[in-house]
Amino acid sequence: MRFGVLGTGHWARTTHGAALAAHPDVELVGFWGRDRDRTRAAADERGTAAFTDLDDLLGSVDAVSLALPPDVQAQVALRAAVAGRHLLLDKPIATDLRRADALVEAVRRHGVASVEYLTYLFQPDVTGWLDRMRDLAAEHGPWEGGVFRWAGTIDAPGNPYGASAWRRERGGLWDTGPHALSIVRELFADVVRVSAGRGPRDAVNVALEHADGAGTSLSLTLTAPAGTGGSFATVWGPGGRHDLPRFHGTPQEGFERAVDRLRAAAASGGPDALDVVHARGTVAVLAAVEEHLARPDRATAVPQP
Ligand SMILES: NC(=O)c1ccc[n+]([C@@H]2O[C@H](COP(=O)([O-])OP(=O)(O)OC[C@H]3O[C@@H](n4cnc5c(N)ncnc54)[C@H](OP(=O)(O)O)[C@@H]3O)[C@@H](O)[C@H]2O)c1
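A quick note: this is a predicted structure, and the numbers were derived from the prediction, not measured.

Visitor: Honestly, the sheet that holds strand β9 (residues 204-210) in this entry has me stumped. Any pointers?
Guide: Hydrogen bonds between backbone groups are what pair the strands of a sheet, and the pairing can be parallel or antiparallel. Reading across from one edge, β8-β9-β10-β7-β11-β12 is the order of the six strands in this open sheet, with mixed pairing throughout. Each of the sheet's edge strands pairs with one partner strand only, and the pair in question is β8 (191-198) and β12 (240-243). On average, adjacent strands in this sheet sit at an angle of 15 degrees to one another, irrespective of strand direction. Summarising the sheet, strand β7 (residues 145-151) and strand β10 (residues 215-221) pair through seven bridges and their orientation is parallel. From the neighbouring strand, Phe 148 faces β10, where its bridge partner is Leu 218. Here helix α6 (residues 124-140) sits on the sheet in contact with β11 (230-237) and β12, set at roughly 170 degrees to β12. Relative to the sheet, helix α10 (residues 276-293) contacts β8 and β9, its axis offset from that of β8 by approximately 45 degrees.

Now the structure itself:
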């Protein structure tokens, strides 16, 4: 499978590009970006070609991997799907449900394969733990609750995402929210209702109600104070209380597994479990949270003395 990387930022270069260049069974044809010099620099790092015309790149590959701001990704991925190219997407696929729906429709109509790279779900430490959690739930009964805290520190000196415009604009809800939901959605029934409140800066605290009556909560931010970033998650139910383990693999190793999942989906013609339809489900939850946060009457005021 011949791949092109769409995007020239830190993640595009150090994860998508690095993993594709290292993968023994695929070819990295080149990078596409809107800035000629940055595209050339990314391509030179991997000894591959630089494209500033998207159609030129689409004409040279079988698949694209996208590392672009979400709403740019949604539109560019749609063009790639219409051109018949398979899609290795990053999270979230959009920050707008209509754009996510349009991408789902294009993927369906043009019969291309899709996989969303959800970092945690491509790490054996995490997938092994999820398997154990599913076994415990099958034996003892469904999980009843969980807390999921995902916090980045983009204000820390040297953080590679400090200048990322979409992160500054959309905050942790849209950047770390997909990671938290990637675990939630593996273990809990569909999210049917949401409510949420704000914290400092971009911080958002979310309550999720699930179809089977379970309730989970998310604490999301990108601007945690220095030294307080990181993620943790705990679930509980009749099968006990359990903490999500740390993973020890690299994002590049995980990305190579995602490449293999896309190749398998393209070869079989069947959908991957983490395809664009699954990715759209995450956008639906996050968009509902955003809608709730925008309501002037969303919270009951506490009388102050
Ligand atoms: N799974 C993970 O753990 C993980 C980690 C990091 C990132 N990601 C994902 O990777 C994706 C990209 O994130 P990022 O941090 O790389 O974002 P970013 O730094 O904000 O932007 C990345 C790239 O997008 C380009 N860009 C911005 N607007 C554009 C436009 N209108 N047309 C074409 N290119 C445009 C920028 O190009 P210029 O150089 O021309 O400005 C830059 O190269 C996101 O989906 C993010 O969630 C995932």
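This is not the end of the story, as more comes after the structure.
Visitor: When you look at the site of the ligand in this model, what are you seeing that I'm missing?
Guide: Lining the immediate environment of the ligand, one finds 20 residues, of which Arg 38, Lys 91, Thr 119, Ser 164 and Arg 167 sit closest. A distance of 3.0 Å is found between an oxygen atom of the ligand and a backbone nitrogen or oxygen belonging to Gly 9. Note that a nitrogen atom of the ligand is positioned 2.6 Å from one of the side-chain N or O atoms of Thr 119. Considering the ligand on its own, with 920 Å² of exposed area, one finds that the protein chains cover 83% of that surface. Ranked by residues supplied to the shell around the ligand, first place goes to helix α7 (residues 165-175) with three residues. In the shell around the ligand, the residues fall into eight nonpolar, five polar and seven charged.

Visitor: For this particular structure, what's the right way to read the domain arrangement of the protein?
Guide: Accessible area lost when the parts come together is the quantity often used to give the size of an interface. What the domain assignment lists for the protein is domain 1 (2-117 + 252-274) and domain 2 (124-248). Its C-alpha centre places domain 1 at a distance of 25 Å from the equivalent point of domain 2. Residue-level contacts link 11 residues of domain 1 with 10 residues of domain 2. When the shortest N-O distance is used, the salt bridge between Asp 175 and Lys 91 registers 2.6 Å. Sorting the residues of the side of domain 1 that touches domain 2 by element identifies α1 (10-22) and α4 (70-82) as the ones contributing at least two each. Among the residues forming the side of domain 1 that touches domain 2, the class breakdown is six nonpolar, two polar and three charged.

Visitor: When you look at helix α9 (residues 251-268) in this model, what are you seeing that I'm missing?
Guide: Because an α-helix completes one turn every 3.6 residues, residues spaced three or four positions apart along the sequence face the same direction. With 18 residues, α9 should cover 26 Å at 1.5 Å per step; its first-to-last C-alpha distance of 26 Å lies within 8% of that length. What α9 keeps buried is the set Gly 254, Phe 255, Ala 258, Val 259, Leu 262 and Ala 265. Viewed along the axis of α9, the buried residues span an arc of 150 degrees, placing them on a single side of the element. Opposite its buried face, α9 presents the exposed residues Ala 267 and Ser 268, each directed more than 90 degrees away. At its buried positions, α9 is contacted by β1 (2-6), α1, β4 (63-66), β5 (86-90) and β6 (114-117).

Visitor: What's the story with the packing of α4 against helix α5 (residues 97-110) in this structure? I'm lost.
Guide: Two measures define how a pair of helices packs: the angle their axes make with one another and the distance between the axes. Packing of α4 against α5 brings their axes to within 9 Å, and their N-to-C directions diverge by 15 degrees. The orientation of α4 with respect to α5, classified from their angle, is roughly parallel. Between α4 and α5 lies a crossing of left-handed hand. Contacts between α4 and α5 involve Asp 71, Ala 74, Gln 75, Ala 77, Leu 78, Ala 81 and Val 82 from the former and Arg 99, Ala 102, Leu 103, Ala 106, Val 107 and His 110 from the latter. Partitioning the contact of α4 with α5 into residue classes produces nine nonpolar, two polar and two charged.

Visitor: Got a minute to help me understand the pairing of β6 in this structure?
Guide: Consecutive side chains along a regular strand alternate between the two faces of the sheet. Residue alternation in β6 divides its side chains into two sets, Ser 114 and Glu 116 and Val 115 and Tyr 117, and both sets are buried. Where β5 meets β6, four bridges bridge the pair, whose relative direction is parallel. Note on β6: the bridge partner recorded for Asp 90 is Tyr 117. For the crossover that starts at β5, traverses α5 and ends in the parallel β6, the hand is right-handed.

Visitor: How should I be thinking about the nonpolar core in this particular structure?
Guide: Soluble globular proteins tend to bury their nonpolar side chains together. One finds Leu 87, Phe 148 and Ile 183 to be the most contacted residues of the largest nonpolar core, which totals 88 residues. When residues of this core are assigned to their parent elements, the largest contribution, eight residues, is made by α10. Built from parts of two domains, this core gets at least three residues from each of domain 1 (2-117 + 252-274) and domain 2 (124-248). Aside from chain neighbours lying at most four places away, what touches Ile 183 is Tyr 120, Leu 121, Val 126, Trp 129, Leu 130, Phe 148, Trp 150 and Leu 244.

Visitor: In this structure, what is going on with a nonpolar patch on the surface? I would like to understand it.
Guide: Judged by side-chain polarity, Val 147, Phe 232 and Trp 236 come together as a nonpolar surface patch covering roughly 260 Å² of accessible area. Positionally, Trp 236 belongs in strand β11.

Conventions and cut-offs
Residues numbered from 1 in each chain as written. Predicted model: local features only at pLDDT ≥ 70, side-chain atom pairs only at ≥ 80, totals over all residues. Heavy atoms only, no water. Pairing = 2+ DSSP bridges. Helix = DSSP H or I, 4+ residues; strand = E, 2+ residues; numbered from the N terminus. Axes fitted to C-alpha atoms, helices over the stretch in contact; angles between N-to-C directions. Contact = heavy atoms within 4.5 Å. Near = heavy atom within 4 Å. Polar contact = N/O pair within 3.5 Å; in protein donor to acceptor, adjacent residues only side chain to side chain. Areas by Shrake-Rupley, 256 points an atom, 1.4 Å probe, with all protein chains shown as cover. Nonpolar A, V, L, I, M, F, W, Y, C, P; charged D, E, K, R; others polar. Domains from an automatic or database assignment. Salt bridge = Lys/Arg side-chain N within 4 Å of Asp/Glu carboxyl O. Expected span 1.5 Å × (residues − 1). Buried < 20%, exposed > 50% of the residue type's maximum accessible area, 1.4 Å probe, protein only. Arc of directions from axis to C-beta. Parallel < 35°, antiparallel > 145°, perpendicular 65-115°, else oblique. Left-handed = near helix turned anticlockwise from the far one by under 90°. Right-handed = clockwise from strand over helix to strand, strands pointing away. Core = buried A, V, L, I, M, F, W, Y, C linked by side-chain atoms within 4.5 Å. Patch = residues over 30% accessible without salt bridge, like charges linked within 9 Å, V, L, I, M, F, W, Y side chains within 5 Å.

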